[in-house]
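Okay, here's what each chain looks like letter by letter:
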Protein chains: 2
Amino acid sequence: MSEPTIHEEQITSTGPHRDRPNLRSYFGTPEVDRSAHPVDPWKWIETEPPTEKLGVVESIFSLGNGYIGIRGTPEEGRDAFMNGTYINGFHETWDIRHAEDAYGLARVGQSIINAPDAKTIRIYVDDEPLRVSTADLFFYERSLDFRKGTLNRSLEWRTPSGKKVLIDFTRMVSFSDRHLGIEIIDLVLPEDHAPVVLSSQILNRQDGQDEFGSTQDPDRWVASVNMPDDSVNTTFDPRQAEDFANRVLLPLLQVDEGETVKLSYRTAHSGMTLAVGATHELSTKNDFHITSTSTADQAKVEYQVSAVPGEPIRLVKFFTYHDSRRMSAQELLDRVDRTLRRAMEHGPEKYLEQQEKITGDFWKHADVEIPGQPEVQQAVRWNLFQLFQNSLRAEDLGIAAKGVTGSGYSGHYFWDTEIYVMPFLTYTMPQVARNNLRFRYQMLPKARERAVELDQKGALYPWRTINGEEASAYYAAGTAQYHIDADIAYATMQYARATGDSDFLFREGLDILVETARLWEDLGFFGKDGKLHIHGVTGPDEYTTVVNDNLFTNVMARYNMRIAAEWVEQLQRVDDESFQAMVRRVGLQPEEIGRWKRAASAMFIPFDEKMGIHPQDAHFLEREIWNKDDAQPKRPLLLHYHPLTIYRYQVIKQADVVLALFLRGVEFTEELKRADFDYYDPLTTGDSSLSAVVQCILAAELGYHNVAMPLFQQALYVDLCNLHGNSADGLHIASCGGIWSALVFGFGGYRDYDGRLTIDPALPEEWEGLKYRLHIRGEHVLVEMDHEQVTLSMVSCDEDDEPLLFEVWGKEVELTDQAPVTVQKG
Amino acid sequence: MSEPTIHEEQITSTGPHRDRPNLRSYFGTPEVDRSAHPVDPWKWIETEPPTEKLGVVESIFSLGNGYIGIRGTPEEGRDAFMNGTYINGFHETWDIRHAEDAYGLARVGQSIINAPDAKTIRIYVDDEPLRVSTADLFFYERSLDFRKGTLNRSLEWRTPSGKKVLIDFTRMVSFSDRHLGIEIIDLVLPEDHAPVVLSSQILNRQDGQDEFGSTQDPDRWVASVNMPDDSVNTTFDPRQAEDFANRVLLPLLQVDEGETVKLSYRTAHSGMTLAVGATHELSTKNDFHITSTSTADQAKVEYQVSAVPGEPIRLVKFFTYHDSRRMSAQELLDRVDRTLRRAMEHGPEKYLEQQEKITGDFWKHADVEIPGQPEVQQAVRWNLFQLFQNSLRAEDLGIAAKGVTGSGYSGHYFWDTEIYVMPFLTYTMPQVARNNLRFRYQMLPKARERAVELDQKGALYPWRTINGEEASAYYAAGTAQYHIDADIAYATMQYARATGDSDFLFREGLDILVETARLWEDLGFFGKDGKLHIHGVTGPDEYTTVVNDNLFTNVMARYNMRIAAEWVEQLQRVDDESFQAMVRRVGLQPEEIGRWKRAASAMFIPFDEKMGIHPQDAHFLEREIWNKDDAQPKRPLLLHYHPLTIYRYQVIKQADVVLALFLRGVEFTEELKRADFDYYDPLTTGDSSLSAVVQCILAAELGYHNVAMPLFQQALYVDLCNLHGNSADGLHIASCGGIWSALVFGFGGYRDYDGRLTIDPALPEEWEGLKYRLHIRGEHVLVEMDHEQVTLSMVSCDEDDEPLLFEVWGKEVELTDQAPVTVQKG
């Protein structure tokens, strides 16, 4: 793959004692070409058709609602890196063939499928196809509208015969109707007559239907697009998805009835079913003629319009997807019918209104404002909008590492959701947060089975999965990341405390806490020192694997066991009936609670007295300092060095100790946080996009503003500037979540350790202020800060609301919906 | 796979402080059914046709010469588990597909091929096929003759129509002609007339030609043999070979000319070529008729004989194999012609004579005698004969883990050769030992490339390979075993010192020492303690992987660097011209020698002061004691527990520290050896067949006779009694070598540390004596011992021989060819 740009300059050292080189993969100051991408606080705009890095641009202009995702490829086809459409969780399975097998390795590979593309509407004027990369365009603008929730494109095309054609495209994936997408094309020839053809299609691209209607020929395919910098398919990149050798989507029923077409499929191995359908409405005073056809891999409705000068043509296309693990094709086709019929009844305007309304509500509760920083504001809103549109309607499904924007990481769900996305959801979209936790709850039976397979008690969540089974084929950086259990428990607790949703906690969440606590208690063992040790696990940092007493894991496991004990006892106190039901569900034995407490109390937390820091694991500090690429850094390391080589050194892919310092900051003194950060930051390459945001939060907390801001910028533009070189595979959704965390927890200084709400602003000097919104225990809280003061205001949602207690700069304040509260600094 | 038998009884504890359970996989007292396998000091015999565990029996009755290997399946076909024929090094390659890829992982899979089977001669009497498993047999005996070097079978068959048929089979793979095999069938009907058909064939079985002439149908195939206990193909077993999906042997030229048939092939991916041919001579006074045919996968010469009573029929079949990495099929067919023509000229008797002569010479120099122990004697000779026939003519090839007896471990070469087989070869067949080292020398360029790929200096030998490239797909238990470098250096040094072959050492061996020393010096790093540490490697024990400062590795690496420095300096002193040539070959820099010495001196040797033992690695003793299967042991662990689980515990697959105590015993006090052995022996499951022999040697040295003898028995019968349950995949050749080591180094007490020859007998009480032979610096030495004395005698091979100095029971003696020397005990 194309490497991230590396500048040899070193970023400013962070602490006082920097006798070692700074290993951070420094990606330079991200720069956006503002002539092509003008600043707009509510849109991401391009004013020229993209000519390179098509894959990146497609990811940036993706639309989705958490269930359906459509990459930002043009309606008319052709100029594309990856014409991807993804239905969250719609996946194929395959037998993982290990080059050398062993007991308990992951068996079932799972890959998100490129669902049939219902977006394509080819456009011909005078039988000349529109293709933006070669067309003579007098005007072009595309924008992702953060307020309307639509992707819009306008262009003025001079055809080869010199006719002027004005076209506006409007595309949306509905937030109100989970299964619906809409495209609107408004086309007019102001001055000329011409035959105009709009060929609306549904194309099964997964099985190789290319732009030319034939089975995909890799050479022609590559030749047909301009993607020198997107050619990520070199020898290997473990972060990409699997290719299939054989047909994936087996065609079932096809239907074409007038302007409505429908296709349905079953996946070859996972047995999932999918139906996709589209219906149309053409509005014009021009004469036109309609034909429709459908075959296994392609359905078409073609409008042949005799356009006269100045007479507008509007084509509305409604499309819909329904999938299932078990349902028959006919059942799904019936659902498709219902969705399409309802859509035709309502008409597109109603959906556009609803879209804007829902999006507006989102911003009301989730916007983060940075006054006087329009460029930052634009990029921040782009990040938040991605979070919104990749999670809103996930519902009974997870939120994948790439959301629904690409096939990177095979569409798998990781800890990314719980640690990087869930804080945002919990505080701005609590219902969506709850959905995600319920999804994890549904996964408990498989996690229990996996624990048994690995000879452990309780439940062991898969490191990566779609269907609940472990899909990580490389256990050292996969299955060994047992911390996934604690991450899910952490997110459960954070959600429950922030929302006060005891209903979920007591009926489902507690089961997660109990089963994960059991795993830790069983996995740990008492060493000769009387301490509880956890051996043979991998922490967040994948540049050291299968270690003993990873600090992050031990800290999180301790927390996991403590909250399990605490809330089991709490439930017993407050609601015996629910308690008994829970006991029955998880088969709780009375002595278990004491065991978790003892284990938590005895947890070994590695600490090096001499250096005054926490080793990342028991033996991390015994490793050699990285000395491999002083002259010419090769990043990311994982593409240039054998794992054994990387593992031998004190070199870090992503925040590990530092993440513990953030998530469980209340357990560490500021002095230790500073010592640890000073030690680890220079060792952290940031080769993972999960790193910068966490380092940023800690840097902000510690007052290292000259470190925090470049890290924030790296995360803010990771996709917009393709800083990791792989945004073509899909967006870094965790990093988007991290942007919110960096703003709220980092610069905004908000913390919620164990239910105590504190605000210690760390506003960057160059910013005049910051405004963010939090949904806490049913109340909407607005936090506004500048360099002198913090103002809190509450918009109450219910009647019997209790006041919220905050500590701002250490001063306790009580917030009610009666009046805002302002706290002065110092 | 079928598990090894496990008895719950614990073997006697070894040391004084056994507060932990003994984890050793105790396989019980091996028992041979003596009614079916009578004791014979020079033969392994079966008196009944095997009805179960066919695969094991086939391995036990394998014939080979180190180049060609033929499993002990019957000439007439049918009753077989795996009709295998192996040509050492004749392999197919394939792209290793890693379920999750990473930089530097092994890329080229290599698998030994089941070469076309030239052994089959189907026999029909009255058109009834002979099939031993169902035939009405009045007599049956098969024997592997250790002195004649042949496999013989005699049977008296009563056909369904009641005719008596006497058949003698003689089979040999020639020791004198590397490419030749011979079969002789002597058949007579003493009392009856009958049409007799002898259908001699060459069959390409690799590509699925089964017993029925059709492409292999797994169900019929399974149904056709009786192999309930051989069904090792369960879900997985990492120790088995790869299956190919497509055709492996692409047919080239086929020839049938009268009684001669020839087939030739090219492998689909590795591009190796192979020609196989057979010619025949039928001697009988009966009338007969010959037909021959050849197709891509089958060539046939059929003799239709009208047998009259008492008139003997003798069919002699000569067959030959020639393979190459590059040569054309025609060239190989020409070689086949020459071999066959010469064989016909000489006739079978001459080859049988030569075979007996060469085998006799072998025993003269390699026999180990255990007077008064006929059963042990028989099994010992079987083991030594396997060593002999699997190595003699390997020549420019390696000696695979399974020799040429099966496809287990894909026919790969491992450290097994250097550490387990080379001591035997060095002391009994020095020319063969030299060949193997020269084979490793030829591999140096690829080992240098691999070091570069892994960002290291010097050379890194592949953990497992056929063609010199790393083929270990699981790096943690493969590539990470860097100790392979030191193992090869060790074998080089042991050979050079024992033989005095300075020619090899100075022209080639030293290059190995230098390049491996470089690797160690570069891989190691100086820690804060001023010591040289080696991190991230795996020692011999594969139940703990990727550890820091593995004791075995550090001890062996230190030795490796020391001998490199020592012998480079020695060469510089004695032969400047050769020295300069070596300097040019390896680009030696003057300061390197000093660097190796410093690194060796600073080598960190982990030692636990409190426990007074050497930890297996820096952190081994921090692990938990195995507690997983107290009630019901599941062995081998690797088939029942996830690697992560196994790695967390103090549980050992095979001798690791203990192996270092043996190989570099001179560096450890007896007290420490005892402490280490006492600690590690109970932790050692012996799930690897490489373990028992090493544990046995140390137990013998330490006087733990009640431990040494059961371990010896386990190794002695590992294949003869299928103790590890997988002898069907091929013999455990390293264990055969270990038997010799256990006798000579273990009970025989011989050591050769750094050229000092010592004998400290550890004769088992139940044995009256022991005789073994050593080839030392050109002299043949006979060591005879009983419980009172040791007698050494020398048969000189050259004129100007120098006396050999021995220390027997600590007493120095000088041995010349003038007279034997006897040393009394005490």
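Residues numbered from 1 in each chain as written. Chains lettered and ligands numbered in written order. Predicted model: local features only at pLDDT ≥ 70, side-chain atom pairs only at ≥ 80, totals over all residues. Heavy atoms only, no water.

A.B. asks: I'd like a description of the pairing of strand β14 (residues 249-257) of chain B, backed by residues and values.
C.D. replies: Residues and elements named next belong to chain B. In terms of strand pairing, β14 meets strand β15 (residues 260-267) through seven bridges, oriented antiparallel. Bridging from a neighbouring strand, P251 pairs with Y265 of β15. The loop that links β14 with its antiparallel partner β15 comprises two residues; one of these, G258, has a positive phi angle of about 60°. (Pairing = 2+ DSSP bridges. Helix = DSSP H or I, 4+ residues; strand = E, 2+ residues; numbered from the N terminus.)

A.B. asks: Any chance you could break down the nonpolar core for me, citing the residues and the numbers?
C.D. replies: Ranked by size, the top nonpolar core spans 498 residues in total, and within it F712(A), Y750(A), F806(A), F712(B), Y750(B) and F806(B) carry the most contacts. The contacts of F712(A), once residues within four sequence positions are left out, are V376(A), V380(A), C696(A), I739(A), A742(A), L743(A), F747(A) and W767(A). (Core = buried A, V, L, I, M, F, W, Y, C linked by side-chain atoms within 4.5 Å. Buried < 20%, exposed > 50% of the residue type's maximum accessible area, 1.4 Å probe, protein only. Contact = heavy atoms within 4.5 Å.)

A.B. asks: Break down the relation of the copies chain A and chain B for me, citing the residues and quoting the values.
C.D. replies: What relates the two chain copies is a rotation about an axis together with a slide along it. Between the two copies, chain A and chain B, the superposition gives an RMSD of 0.0 Å; the rotation angle is 180° and the shift along the axis is 0.0 Å. Interpreted geometrically, this transformation is the action of a two-fold axis. Among all C-alpha atoms of chain A, that of H98(A) lies closest to the rotation axis, at 3.2 Å. Mapped onto chain B, 100% of the interface residues of chain A again fall at the interface, so both copies present the same surface. (Least-squares fit on C-alpha atoms with pLDDT ≥ 70 in both.)

A.B. asks: Lay out unusual backbone geometry in plain terms, naming residues and giving numbers.
C.D. replies: For the peptide bond that leads from R635(A) to P636(A), omega is -10°, which places it in the cis range. The phi dihedral of K53(A) falls on the positive side, at around 50°, and the residue is not glycine. One can find K53(A) in the loop between β1 (43-46) and α1 (54-60). Here K53(A) falls in the partly exposed class, since its relative accessible area comes to 30%. For R777(B), which is not a glycine, the phi torsion comes out positive at approximately 45°.

A.B. asks: Go over the interface of chain A and chain B, please, and point to the residues and values.
C.D. replies: For interface size, the figure often reported is the accessible area lost on association. Listed as interface residues are 51 residues of chain A and, on the opposing side, 51 residues of chain B. Of the roughly 4,400 Å² buried between chain A and chain B on both sides combined, carbon and sulfur atoms contribute 55%. Contact with chain B buries surface across chain A, with E100(A), Y103(A) and R648(A) losing the most and accounting together for 16% of the total. The interface formed by chain A and chain B contains two salt bridges. (Buried area = accessible area lost by both parts, 1.4 Å probe. Salt bridge = Lys/Arg side-chain N within 4 Å of Asp/Glu carboxyl O.)

A.B. asks: Report on helix α4 (residues 348-366) of chain B, specifying residues and quantitative values.
C.D. replies: Residues and elements named next belong to chain B. In this model α4 runs 27 Å from its N-terminal to its C-terminal C-alpha over 19 residues, within 8% of the 27 Å that 1.5 Å per residue would give. Every buried residue belonging to α4 is among P348, Y351, L352, Q355, T359, F362, W363 and A366, and all of these are buried. The buried residues of α4 occupy one face: seen down the axis, they fall within an arc of 110°. Opposite the buried face of α4, at more than 90 degrees from it, the exposed residues are E353, K357 and K364. (Expected span 1.5 Å × (residues − 1). Arc of directions from axis to C-beta.)

A.B. asks: Describe the packing of helix α18 (residues 705-716) of chain A against helix α19 (residues 733-747) of chain A, with residues and values.
C.D. replies: Two numbers describe a pair of packed helices, the interaxial angle and the distance between the axes. Residue and element names in this part refer to chain A. In contact at an axis separation of 9 Å, α18 and α19 are set at 150° when each is read in the N-to-C sense. It follows from the interaxial angle that α18 and α19 lie roughly antiparallel. Handedness of the crossing formed by α18 with α19: left-handed. For the pair α18 and α19, contact is made by A708, M709, F712, A715 and L716 and by S735, I739, A742, L743 and F747, respectively. Residue composition of the contact of α18 with α19, by class: nine nonpolar, one polar and no charged. (Axes fitted to C-alpha atoms, helices over the stretch in contact; angles between N-to-C directions. Parallel < 35°, antiparallel > 145°, perpendicular 65-115°, else oblique. Left-handed = near helix turned anticlockwise from the far one by under 90°. Nonpolar A, V, L, I, M, F, W, Y, C, P; charged D, E, K, R; others polar.)

A.B. asks: Can you break down the pattern of salt bridges residue by residue, with the values?
C.D. replies: All names here are of chain B. Enumeration according to the criterion identifies 109 salt bridges over all chains in this entry. The partner of E58 in a salt bridge is R71, and the shortest N-O contact between them spans 3.0 Å. You can see E58 sitting in helix α1 (residues 54-60) and its partner R71 sitting in the loop between β3 (68-70) and β4 (85-87), a full 13 residues away along the chain. E58 sits in the buried class, given a relative accessible area of 2%. For the salt bridge of K164 with E191, the shortest nitrogen-to-oxygen distance reads 3.4 Å. Of this pair, K164 sits in strand β11 (residues 164-173) while E191 sits in the loop between β12 (180-188) and β13 (194-203), placing them 27 residues apart in sequence.

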